[in-house]
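These are the residues of each chain, in order.
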Amino acid sequence: MADRRTDLIIVGGGPSGMMAGLLFARAGVRTLVLEKHGDFLRDFRGDTVHPSTMEILSELGLLESFLERPHNRLYEARGTIAGKEFRLGDLSHLRTPAPFIAMMPQWDFLDFLRDEAERYPTFALEMKAPIASFVEQGDRVTGVRLADGRELDATLTIAADGRSSLAREMLPLKNLGAPMDVFWFRVPKPPGTEFTLRGIVAPRTLMALIDRGDYWQVAYIFAKGMGAELRAGGIEALRARIEKAAPILGPLDKVLTDIEQMHLLTVELDRLERWHRPGLLAIGDAAHAMSPAGGVGINLAIQDAVAAANILAGPFAAGKDVDPLLRRVQDRRFLPTRLIQGAQKRAQDAVIGPVLDPATRTLRVPLAVRLLDRFALLRRIPGRFIGLGVRREHVRSPDAGLRRAGLPAPSPSPG
């Protein structure tokens, strides 16, 4: 016997889960989001909110209030290769309400989505609610069993809980391979330093520096499987490598003092070949784990959520059987996933793998990079790909008019 029944359970309170929760609740579907952690404070989540996501917020009338939250804006992409800085992409010419990347810690973005979703009486969020398994009747998923033993029934369960999702054990998975893993760590940032997002490429070294105001969130990227060797070499040797590759960080002898400061992220590039079965749909990283290359994973996941709501929310709210529609969500989002993962795979094979190869001693700047740096018009091409992705979604799911009384309704943003 189930302890509670709802229309929709969403497993995972990340970007795709929270966006889906907002959109389905807005359409009048009773929605429960289950998040296994007690808060959204994950240090090693991405910070980028791309123009495609802000376009969705604009269509919901939420862009203005979103941009009132502290953030920084990036209008172009740059990288440092062999000690020289190159301009690689320009977003400022995009015809969209926010032609820039908003740099905001992901926990702030998730707090924003939660606050907006909670304006609807059809939305509920339960924290500290890890699931132990799905509940099944024959081939159909009928809900979830929580780690505390409770069973929750639902007409539909959406798995939006990332690459560790239990849905990945139930559906066929294709591994595309990834040549790298990542150490994440923090470095204090001197006050008054200009805001920036930096990528650093040097022989056998790739780094990304994310500016979080008073500190850098740093990704040190290395060849897959080398994490144990780097740890065994000790913090002194690793610190020397980092200082050599990123002198902008300054002396680190008083900052990086313990190898335990290095938090390992195992990079995966894969996708489910089928995203659904009766009663269950996977979206976001649960359906397709993305490489960090390009920082597009969060925004691709949000596009999945919008597509799912566009296809399912109206029929769901009307009491129709949505199982036959689940395939349409995958059909809509599979091509963008394949194209973006294909671009990431090519970048891995042609750039990242060779750079990280222990035999690499010198770097030759690719012709494409030199052309992008030289010709401003060319930089619009990667700017569009990074900013808007492939087959971007627009909000077409219904609004049932349930926004709580006494709270001001948002006004659509211009554009």
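Cut-off values and rules
- Residues numbered from 1 in each chain as written.
- Predicted model: local features only at pLDDT ≥ 70, side-chain atom pairs only at ≥ 80, totals over all residues.
- Heavy atoms only, no water.
- Phe/Tyr/Trp six-rings, centres within 6.5 Å; stacked < 30°, edge-to-face > 60°.
- Helix = DSSP H or I, 4+ residues; strand = E, 2+ residues; numbered from the N terminus.
- Buried < 20%, exposed > 50% of the residue type's maximum accessible area, 1.4 Å probe, protein only.
- Lys NZ or Arg CZ within 6 Å of the ring centre and 35° of its normal.
- Pairing = 2+ DSSP bridges.

**Student:** What is the right way to look at the packing of aromatic side chains in this model?
**Tutor:** To describe a pair of aromatic rings, you give the distance between the ring centres and the angle between the ring planes. Across all of its chains, the model carries 6 aromatic pairs by this definition. An angle of 55° between the planes, with centres 5.4 Å apart, marks the rings of Y75 and F100 as tilted. Here the residue Y75 occupies a position in the loop between strand 4 (72–74) and strand 5 (76–81), and F100 occupies one in the loop between strand 6 (84–90) and strand 7 (101–103), the gap between them amounting to 25 residues. A residue is classified by how much of its surface remains accessible, and Y75, at 38% relative accessible area, is partly exposed. F100 sits in the buried class, given a relative accessible area of 3%. By the ring-pair criterion, three or more aromatic residues cluster together here, those being F66, F109 and F112. Here the basic side chain of R186 rests over the ring of Y215, its NZ or CZ set 4.2 Å away from the ring centre.

**Student:** Got a minute to help me understand the environment of R204 in this structure?
**Tutor:** For R204, the location among the structural elements is in the loop between strand 14 (197–202) and strand 15 (205–211). Separated by 150 residues in sequence, R204 and P354 place their C-alpha atoms 8.2 Å apart.

**Student:** Looking at this structure, I do not really get the sheet that holds strand 3 (residues 48–49). What am I missing?
**Tutor:** Hydrogen bonds between backbone atoms are what pair the strands of a sheet, whose relative direction is either parallel or antiparallel. Read across the open sheet, the 3 strands follow the order 3-7-4; overall the sheet is antiparallel. On the outer flanks of this sheet lie strand 3 and strand 4, each paired with one strand and no other. Here 2 bridges tie strand 3 to strand 7, and the two strands are oriented antiparallel to one another. For T48, the partnering residue across the bridge sits in strand 7 and is M103.

Don't take any of this as a statement about function, it's just geometry.
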